[in-house]
Protein chains: 2
Amino acid sequence: MLITGIGRLVTNDHELGPGLLGVVDGAAVVVDGDRVAWVGRSNAVPEAAGTRRLDVGGRCVLPGFVDAHTHLVFAGHRAAEFEARMAGATYDGGGITDTVERTRAASTEELTEGARRLAREALRSGTTTLEAKSGYGLTTHDERRLLDVAAAVESTDTPAIVRTFLGAHVVPLEFAGDADAYLQVVTGEMLDACAPLAQWCDVFCEPSVFDEPDARRVLTAGRERGLGLRLHANQLAHGPGAQLAAELGAASADHLTHLDDRDITALAERAVVATLLPAAEFSTRSPYAPARRLLDAGVEVALATDCNPGTSYTTSMPFVITLACTQLGLSPDEAVRAATVGGAAALRLYDAGRIAPGSRADLVVLDAPQPVHLAYRPGVDLINSVVRAGRVVHRKERRG
Amino acid sequence: MLITGIGRLVTNDHELGPGLLGVVDGAAVVVDGDRVAWVGRSNAVPEAAGTRRLDVGGRCVLPGFVDAHTHLVFAGHRAAEFEARMAGATYDGGGITDTVERTRAASTEELTEGARRLAREALRSGTTTLEAKSGYGLTTHDERRLLDVAAAVESTDTPAIVRTFLGAHVVPLEFAGDADAYLQVVTGEMLDACAPLAQWCDVFCEPSVFDEPDARRVLTAGRERGLGLRLHANQLAHGPGAQLAAELGAASADHLTHLDDRDITALAERAVVATLLPAAEFSTRSPYAPARRLLDAGVEVALATDCNPGTSYTTSMPFVITLACTQLGLSPDEAVRAATVGGAAALRLYDAGRIAPGSRADLVVLDAPQPVHLAYRPGVDLINSVVRAGRVVHRKERRG
């Protein structure tokens, strides 16, 4: 397939174009199967570029978004908790147990249907790769069921789905007061059952939930099963999470609202990606992560939705980009980079988040001339069409 | 047409249902032509309810949004100004003259095409009535041209459009330093030419733009031509706008970022609607209006997008509702009310913003069970379909 008429192309590849985003104006892209075969100026397209053509009419094209942090699989919603929070209640993570209860009670069909609906919604807003965590099951049976659902949901009509085991999300009620006993299950039979279904091991490392020794125990056990490491760190208060991520060589530390200079230095030195989740801060009216300090220290930043029914019930990466610019102080280019190749770095996917020869043919066509419009036009659906693995999988309805 | 299968219906009518939103669960609506003929429980639908049926499958239905403040007609965009602001520049209204220059230079076809695109975009996000101001022409010829365009754009594929004359938006460059001479034109030949095309007269009342005597002069002249009054007031600094709105009996005072208790009392006593524009504050990183103080003083609040290429390039009322809850402190019910019947009050449209016998058949069907999801699911397109004047004018594409 030959994609032509690209007004501005974001490649995220410095060899292909200038600037943070590797921009090529007046571009074309040749797709071969599910991969990008050629990128360049439209007046230099190779002869044998294929017969199928997609003319995007001068629009801006960028890599599909890589949403590196979601809790995709759950039952029910927590609109009442949201309303209470809008009326002044504060978030302490307590609502997670409500979702656990409803998720355990839900049928696998119900869970699959809900996750599929959200995954398709994410695709329509431009996400072509999406990380999905377990964490609302918290029994060996249910955690495994959630990862099975995440695997079953993936199709050509959804983003590619990367699975993460988060058995250590909270201590479930039946283990209240005995985190140690619960972690024995998590690091034993639960991980044995779940590791074959996941690529990553995560833990909610927070002084009030799982403190440093707990988190270390979970991550070490995950690593022993061959899983990559990532963690929820420094969200509700300053804690040991960021340091632990650096020490253990985690791919990503997520949230990072409360950081001191030592934490930032540690993340930079060990090349831990900082995955920031401003939509959660927005919906919980919490302080935002110190994104500028992270960037200025040379930390690679990713943006993700944190999609979950409690604190951030959104699948929209464009919304997250808007917040990153207006609230976190990222430039529009930095935000677009963090939402694409930044997310890919957080998942160690070196063929996603870029449009370059050999990369996945995952592209978003914007109803806009430049990527800055994603932040400049908040709340507006600018996703004209989405190409995933070389196929047009979404195209906006048009009339007249 | 009979609309059935409504899980939750927002009527905004206290005689039809309880609460701030007049909610009816398990509802049906009978539409006759472009009006609502009957509203009630689905098990009590009158016999002769018509043959056409729309089953909304248990979804939530609410009145179409009434966006009471937009600058719909202009040429070009100001993405570079947005980027500069994100990098630290502050907004002082100066960019308006850029848009004036480009708008004057644009063909009428170009202006119509741009305004139509935005109006359709607004419709797809649930807006069924939209106010559109002139104000980027600032010559008699161009202001009239903008109002002509606003009139020409309205169709069954756009919201109903209400037109406002805003010749006193800024002092154009050719009158720099001589606001008095410009206002002589505005209140003379410009109003003579424009009043027949508009329902409302507006003025940018701000100490640094048009101060109290200027604003009074414009509004008085507008009233003499039979126009209703509204004004941009107290946006950039505390000023006389809110008091002037109350004194002159304006329908609405808009922005209202900087208010003292006297201002709020005056607005309440004279029943001036406070039209709040949080998307502008969001995109300019300005303080938000004191919405809670206004509501607590009994002022009727409307929410609007302020759609314009400088400070708020969005047409999305759902996005504004999200901001109203998380940033202005409105409850989700208050925000939904302000975005529907509140906007209608700001435009003195007593048959819009409600779903009740005799009201316009303007309805939005949500992909959600409750209206709170509009705030709870930020950035997500929850607009399943839109009915305007009794016709289904938008329906979300679905696959599979």
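These remarks concern the structure in this document.

Calculation notes
- Residues numbered from 1 in each chain as written.
- Chains lettered and ligands numbered in written order.
- Predicted model: local features only at pLDDT ≥ 70, side-chain atom pairs only at ≥ 80, totals over all residues.
- Heavy atoms only, no water.
- Helix = DSSP H or I, 4+ residues; strand = E, 2+ residues; numbered from the N terminus.
- Rg over C-alpha atoms; globule rule 2.2 N^0.38 Å.
- Buried < 20%, exposed > 50% of the residue type's maximum accessible area, 1.4 Å probe, protein only.
- Contact = heavy atoms within 4.5 Å.
- Pairing = 2+ DSSP bridges.
- Axes fitted to C-alpha atoms, helices over the stretch in contact; angles between N-to-C directions.
- Expected span 1.5 Å × (residues − 1).
- Parallel < 35°, antiparallel > 145°, perpendicular 65-115°, else oblique.
- Left-handed = near helix turned anticlockwise from the far one by under 90°.
- Nonpolar A, V, L, I, M, F, W, Y, C, P; charged D, E, K, R; others polar.
- Least-squares fit on C-alpha atoms with pLDDT ≥ 70 in both.
- Buried area = accessible area lost by both parts, 1.4 Å probe.
- Salt bridge = Lys/Arg side-chain N within 4 Å of Asp/Glu carboxyl O.
- Polar contact = N/O pair within 3.5 Å; in protein donor to acceptor, adjacent residues only side chain to side chain.

## A word on the overall build of chain A
So, point 1. For chain A, the count of helices and strands is 13 helices and 16 strands.
So, point 2. For a compact globule of 400 residues, the expected C-alpha radius of gyration is about 21 Å, and chain A comes in at 21 Å, within 12% of that figure.
So, point 3. Its C-alpha atoms give chain A principal-axis dimensions of roughly 65 × 45 × 45 Å.
So, point 4. For chain A, the residues scored as buried account for 63% of the 400 residues in total.
So, point 5. Long-range contacts, defined here as pairs at least 24 residues apart, represent 70% of the contacts in chain A between residues at least 6 apart.

## Here's the deal with the sheet that holds strand β10 (residues 228-233) of chain A
Residue and element names in this part refer to chain A.
So, point 1. Read from one edge of the open sheet, eight strands run β6-β7-β8-β9-β10-β11-β12-β13, paired in parallel fashion. Looking at the sheet topology across the chains shown, the edges are occupied by β6 (65-67) and β13 (301-303). Ignoring strand direction, the axes of neighbouring strands in this sheet form an average angle of 25°.
So, point 2. Judged from the three bridges that link them, strand β8 (residues 160-168) and strand β9 (residues 200-205) form a sheet pairing that is parallel. Bridging across to β9, Thr164 finds its partner in Trp200.

## Side note on the pairing of strand β16 (residues 391-395) of chain A
Residues and elements named next belong to chain A.
So, point 1. Where strand β15 (residues 383-388) lies against β16, four bridges are found, and the strand directions are antiparallel. Residue Arg388 lies in a different strand from β16, and its bridge partner there is Arg391.
So, point 2. Joining the antiparallel neighbours β15 and β16 is a turn of two residues, in which Ala389 adopts a positive phi near 50°.

## Let's talk about helix α3 (residues 108-124) of chain A
All names here are of chain A.
So, point 1. The first and last C-alpha atoms of α3 sit 24 Å apart over 17 residues, in line with the 24 Å expected at 1.5 Å per residue.
So, point 2. Buried residues of α3: Leu111, Thr112, Gly114, Ala115, Leu118, Ala119, Glu121, Ala122 and Leu123, and no others.
So, point 3. Of the surrounding elements, those touching the buried residues of α3 are α2 (96-105), β7 (127-133), α4 (140-153), β15 and β16.

## Quick look at the sheet that holds strand β10 (residues 228-233) of chain B
Residues and elements named next belong to chain B.
So, point 1. Pairing in this open sheet of eight strands is parallel, and the strands run β6-β7-β8-β9-β10-β11-β12-β13 from one edge to the other. In this open sheet, the two edge strands, each paired with only one partner strand, are β6 (65-67) and β13 (301-303). If you compare each strand with its neighbour and ignore which way they point, the axes differ by 25° on average.
So, point 2. Two elements, strand β11 (residues 252-255) and strand β12 (residues 273-276), share three bridges in a ladder whose sense is parallel. The residue bridging Asp254 from the neighbouring strand is Thr275, located in β12.
So, point 3. Contacts from helix α4 (residues 140-153) reach β7 (127-133) and β8 (160-168) within the one sheet, and its direction differs from that of β8 by about 170°.
So, point 4. Each of β6, β7 and β13 touches helix α11 (residues 317-326); the most contacted strand, β6, lies at about 85° to it.

## What about the environment of His255 of chain A?
All names here are of chain A.
So, point 1. With respect to the helices and strands, His255 occurs in strand β11 (residues 252-255).
So, point 2. Sequence spacing of His255 and Val36 is 219 residues, and the spatial spacing of their C-alpha atoms is 32 Å.
So, point 3. Beyond its immediate chain neighbours, meaning those up to four positions away, His255 contacts His69, His232, Ala233, Gln235, Thr275, Leu276, Leu277, Ala280, Glu281, Ala289 and Asp306.

## Some details on the packing of helix α7 (residues 241-248) of chain B against helix α8 (residues 261-269) of chain B
All names here are of chain B.
So, point 1. α8 packs onto α7 with a crossing angle of 25° between their chain directions and a minimal axis gap of 9 Å. Here α7 lies roughly parallel to α8, going by the angle between them. In this structure, α7 meets α8 at a crossing whose hand is left-handed. Within the contact between the two elements, α7 uses Ala242, Gln243 and Ala246 and α8 uses Arg262, Asp263, Ala266 and Leu267.
So, point 2. In terms of residue class, the contact of α7 with α8 is made up of four nonpolar, one polar and two charged.

## A closer look at the relation of the copies chain B and chain A
So, point 1. Of the two same-sequence chains, chain B is brought onto chain A (RMSD 0.0 Å, axial shift 0.0 Å) by a rotation of 180°. The symmetry that links the two subunits is that of a two-fold axis.
So, point 2. Taken together, the interface assignments show that 100% of the residues at the interface of chain B recur at the interface of chain A, consistent with an identical surface on both copies.

## Concerning the interface of chain B and chain A
The extent of an interface is frequently quoted as the accessible surface area lost upon association of the parts.
So, point 1. Listed per partner, the contact involves 44 residues of chain B and 44 residues of chain A.
So, point 2. Buried area between chain B and chain A, summed over both chains or domains, comes out near 3,800 Å², and the portion from carbon and sulfur atoms is 55%.
So, point 3. Where chain B meets chain A, there are two salt bridges.
So, point 4. A salt bridge links Glu121 of chain B to Arg377 of chain A, with the nearest nitrogen and oxygen atoms 2.7 Å apart.
So, point 5. On inspection of chain B and its partner chain A, the count reaches 16 residue pairs in polar contact (both at pLDDT 80 or more).
So, point 6. For the side of chain B that touches chain A, the leading source of residues is α11 of chain B, giving five residues.
So, point 7. Among the residues making up the side of chain B that touches chain A, the classes are represented as 19 nonpolar, 13 polar and twelve charged.

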